[in-house]
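# Working through the structure, step by step
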Amino acid sequence: MVPTPIGNLADITERARDVLSEIAWVAAEDTRHSAPLLKRIGSRARLLAAHEHNEEQAAARILELLAAGESVALISDSGTPAISDPGARIVAAVHAAGGRVIPLPGACAATAALSAAGFSHPHWLFYGFLPASAGERKKALNDLAGLACALVFYEAPHRILKSVADMNECLGSGRTLVIAREISKQFEQICRMPLGEAADWLAADSMRQKGEFALIVSADESAREKATANSGIRALELLLKEGLPKSRAVRLAAAITGASRNALYEHALAGEIK
C-alpha cells in the first residue's frame, strides 16, 4: 500500500520512491495518471488497472501474481490507497488468501487538513465523501450532528456549495468550519470560519469553489462537554473503588479527563448521601 503525492511531487517519501522503483508490478487506480509519476522516479514497473469498476478482477490478478512469487504495489491517483479510494476489496482478498499486506505511511489529505485545523478535540471522525443526493446528505449530517468529535469530510467542487449549506442547516451555524482546498498544490488555501459564514465566503469568489476539498467541522460542544463529564465520573468512581480518599480521587479524575473538579466533588458527595 503505497501513498503517492496529493499535490507537490516532492511529498513522496523515500521509502515509497524505493518501493515503486524496485517493484515489478504496480496496481494503479488510473494507469494513465500514474505512468508519468513512475517515469519521473525511474520506475520500470508494469502497470495493471485497479479501480472501483474492476476491483474484483484486479484482486484476482494480483492474487495470481502473489502466488507466483511476485510483489505488487497498490497506488491510487493521489494520497493513500483505500482511503476514499479503491483498494479495500483488494486488501481484503489478499488477507483472505493468507498474503501479507504492508502499509507505507504517507500523504493523506484528511490528516494534513486536520493538522492545520487548530482543533483541540481529542477525537475526530473521518467520514469521507457525503452522499450526492440532498436527502441522503442531510440524513447523514443529522446522524453526525450530536457527536462529540471533529468531523472530517472530502468534497468535490461541483457539490461544495450545496454540502456547506446542508452542513450549516444540519450541524448549526455556530460551529467552526475549516476549508482546506488544494492541499499541497500551487493554490492551496486553508481558511477557518463560523459555519454560518462559509456559504457567503465561497460565493464571494468563484476560485474558492475550485479544486479538491477537505472540510473539518468542530465537535458539538454540548456533546463534548457531556462526554468529558461522563469520562470524569467514570474515572472518579474507579478511583474511589480503589480506596483513594475522596479529595484525591476528585483531583486525579479532573486532571486525567478535564472534567470539572467541583462537579466531580458534588458527584462524590451525592454518592455518600445515597
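Look up: the structure comes first, before these words.
Report on the accompanying structure. The structure displayed is predicted, hence computed values, not measured ones.

### As for the nonpolar core
In terms of nonpolar packing, the biggest core is built from 24 residues, with Phe153, Met167, Leu171, Leu177, Ile179, Leu215 and Val217 touching the most fellow members. Of all the elements in the fold, those that place two or more residues in this core are α6 (134–144), β5 (150–155), α7 (160–171), β6 (176–181), β7 (189–194), α8 (195–203) and β8 (213–217). Ala107, Cys108, Ala117 and Phe119 belong to the second largest nonpolar core, which has 17 residues in total.

### What to know about the sheet that holds strand β4 (residues 124–129)
With mixed pairing, the five strands of this open sheet are ordered in space as β4-β5-β8-β6-β7. Only two strands of the sheet have a single partner each, and these edge strands are β4 and β7. Between one strand and the next, the sheet's axes are offset by a mean angle of 15°, whatever the strand orientation. Relative to β7, β6 runs antiparallel, the two sharing six bridges. Looking at the pairing, threonine 176 lines up with proline 194 of β7.

### Focus on the pattern of salt bridges
Close approach of charged atoms lets side chains of opposite charge pair. Enumeration according to the criterion identifies eight salt bridges in this entry. The residue glutamate 64 makes a salt bridge to arginine 61 at a minimum N-O spacing of 3.3 Å. Of this pair, glutamate 64 and arginine 61 both sit in helix α3 (residues 55–67), three residues apart, which is roughly one turn of the helix. Given a relative accessible area of 49%, glutamate 64 falls into the partly exposed group. Close ionic contact of glutamate 212 with lysine 185 constitutes a salt bridge, the shortest N to O distance being 3.2 Å. Of this pair, glutamate 212 sits in the loop between α8 and β8 while lysine 185 sits in the loop between β6 and β7, and the two are 27 residues apart along the sequence.

### Thoughts on the side chain of serine 43
Residue position: serine 43 is located in the loop between α2 (31–40) and β2 (46–49). Classification of serine 43 by relative accessible area gives buried; the value is 12%. At 2.5 Å, the side chain of serine 43 forms a polar contact with the backbone oxygen of leucine 20. A polar contact is formed between the side chain of serine 43 and the backbone nitrogen of alanine 45, at a distance of 3.2 Å. In contact with serine 43, not counting residues within four places along its chain, are Leu20, Ser21 and Leu38.

Parameters and conventions
- Residues numbered from 1 in each chain as written.
- Predicted model: local features only at pLDDT ≥ 70, side-chain atom pairs only at ≥ 80, totals over all residues.
- Heavy atoms only, no water.
- Core = buried A, V, L, I, M, F, W, Y, C linked by side-chain atoms within 4.5 Å.
- Buried < 20%, exposed > 50% of the residue type's maximum accessible area, 1.4 Å probe, protein only.
- Helix = DSSP H or I, 4+ residues; strand = E, 2+ residues; numbered from the N terminus.
- Pairing = 2+ DSSP bridges.
- Axes fitted to C-alpha atoms, helices over the stretch in contact; angles between N-to-C directions.
- Salt bridge = Lys/Arg side-chain N within 4 Å of Asp/Glu carboxyl O.
- Polar contact = N/O pair within 3.5 Å; in protein donor to acceptor, adjacent residues only side chain to side chain.
- Contact = heavy atoms within 4.5 Å.

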